[in-house]
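Take a look at the letters that make up each chain.
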Amino acid sequence: IPISIWLAGVASFLFVAGYTLVTVVAIAWAGWRAMRRGFDPAFDLLMGWAVFALAVLLYLGMLLGLLPYAAWLTAALPVGSLAHALLLAFALGHRIRHKQREEAAIARDRDRYRFLSEQDGLTGLFNRRALDRRLESAVATAARDSAPLSLIALDTDRFKDYNDRYGHLAGDDALRCLARVMRENVRNEDMCFRYGGEEFV
């Protein structure tokens, strides 16, 4: 609008046409680079802007006298704009699906890392960090529902003597065996934790 006020009609037209072409070419170049980097929605974006750029070039060519007047050229810009809008809608849909897949992958990784951060590597039981988190929630739930809550603490007797006599690998096997017995003898809603070296909850 300022250019059309300050410059004469032809100069204003040429400036706006040039600015439009430069903008479309810049967007197409960015889309092409994104597509080369493996960003799938960029193809639809690139096609949409390429169709629009072609329509603008044909229309400008007719207006500037570079192309002969033809009835179909007068429809190039609106048809190009329509095709552009449709392809951009496809690009947006593709981008939304791409974003949803990214978010699902992030959520899976977050859950996996949270699980790994709360799991004891030796026994496969929950670790002390998980106990701290879940005990507070269990106490609050029991208090709210006026329900009983039980907690059993186990300490493996003479574990140090067993380790010294049979070795650390045998001690690890004993802890894994104890953890398996615990898991097999609790209900689905119960949780087992390795609290310390040979202490369990």
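The structure this text deals with has already been given above.
Conventions and cut-offs
Within each chain, residue numbers correspond to sequence positions counted from 1 in written order. A pLDDT threshold of at least 70 governs which residues receive local features in this predicted model, and a stricter bar of 80 or more applies before side-chain atom pairs are shown or counted, although totals over entire chains, interfaces and linings include all residues. To get the side-chain values, all heavy atoms of the structure are used, and hydrogens and water are removed first. Only DSSP runs of H or I reaching four residues or more are called helices, and only runs of E reaching two or more are called strands; each is numbered from the N terminus. Side-chain atoms alone can form a polar contact between residues adjacent in sequence; in general such a contact is a pair of N or O atoms within 3.5 Å, and within protein one must be able to donate a hydrogen while the other accepts it. Two residues form a contact once any of their heavy atoms are found within 4.5 Å. Patches draw on residues past 30% relative accessible area with no salt bridge. Two like charges within 9 Å are joined, as are two nonpolar side chains (Val, Leu, Ile, Met, Phe, Trp, Tyr) within 5 Å. Note on areas: Shrake-Rupley, 1.4 Å probe, and residue coverage restricted to the protein chains presented here. We define a salt bridge as a side-chain nitrogen of Lys or Arg found within 4 Å of a carboxyl oxygen belonging to Asp or Glu. Relative accessible area decides the class of each residue, using a 1.4 Å probe on protein chains only: under 20% of the type maximum gives buried, over 50% gives exposed, and in between gives partly exposed. The way it works is a 1 Å grid over only the protein atoms, where trapped points that fit a 1.4 Å probe form a cavity and open points with protein on both sides within 12 Å along at least five of seven lines form a pocket, and then any residue with an atom within 4 Å of a point lines it. Grid points are joined across faces, edges and corners, and a volume is the space filled by probe spheres set on the points. When residue character is reported, Ala, Val, Leu, Ile, Met, Phe, Trp, Tyr, Cys and Pro are called nonpolar, Asp, Glu, Lys and Arg charged, and the others, Gly included, polar. In this scheme, a helix's expected span is set at 1.5 Å multiplied by one less than its residue total.

Draft legend 1. Quick look at the side chain of Asp120. Residue placement: Asp120 occurs in the loop between α5 (76-117) and α6 (128-145). A polar atom in the side chain of Asp120 sits 2.6 Å from the side chain of Thr123. Aside from chain neighbours lying at most four places away, what touches Asp120 is Leu125, Phe126, Asn127 and Arg194.

Draft legend 2. Broad picture of a nonpolar patch on the surface. Where nonpolar side chains cluster on the molecular surface, the patch consists of Phe13, Leu14, Leu63, Leu64, Leu66 and Leu67 and spans about 540 Å² of accessible area. Relative to the helices and strands, Leu14 is located in helix α2 (residues 9-36). On the accessibility criterion, Leu14 (44% relative accessible area) is partly exposed.

Draft legend 3. Unusual backbone geometry, seen in detail. Unlike most non-glycine residues, Ser146 shows phi in positive territory, near 50°. Along the chain, the position of Ser146 falls in the loop between α6 and β1 (154-155). In this structure Ser146 comes out as exposed when scored by relative accessible area, which is 67%. The backbone of Arg158 shows a phi angle near 50°, a positive value even though the residue is not glycine.

Draft legend 4. Representation of the side chain of Glu118 within the structure. Within the secondary structure, Glu118 is located in the loop between α5 and α6. Reaching out from Glu118, the side chain makes a polar contact with the side chain of Arg133 at a distance of 2.6 Å. The residues touching Glu118, leaving out its near neighbours within four places in the chain, are Leu125, Phe126, Asn127, Ala130, Arg133 and Arg134.

Draft legend 5. Inspection of the layout of surface pockets at higher detail. Considering only enclosed or pocket space, the largest pocket measures out at about 550 Å³ in volume. Considering the residues around the largest pocket, the lining is formed by 19 residues, among which Ser150, Leu151, Ile152, Asp190 and Met191 are closest to the centre. If one sorts the elements of the lining of the largest pocket by residue count, α6 sits on top with 4 residues. Its residues assigned to classes, the lining of the largest pocket shows 13 nonpolar, 2 polar and 4 charged. One number sums up the size of the second largest pocket: a volume of about 160 Å³. Considering the residues around the second largest pocket, the lining is formed by Phe115, Gln119, Gly124, Leu125, Phe126, Arg183, Val186, Arg187, Asn188, Asp190, Met191 and Cys192. In terms of residue class, the lining of the second largest pocket is made up of 6 nonpolar, 3 polar and 3 charged.

Draft legend 6. Looking closely at helix α8 (residues 168-184). Compared with the 24 Å implied by 1.5 Å per residue over 17 residues, the 24 Å span of α8 between its first and last C-alpha is a close match. Along α8, the residues classified as buried are Ala170, Gly171, Leu175, Ala179 and Met182. Packing partners of the buried residues in α8 comprise β1, α7 (159-166) and β2 (199-200).

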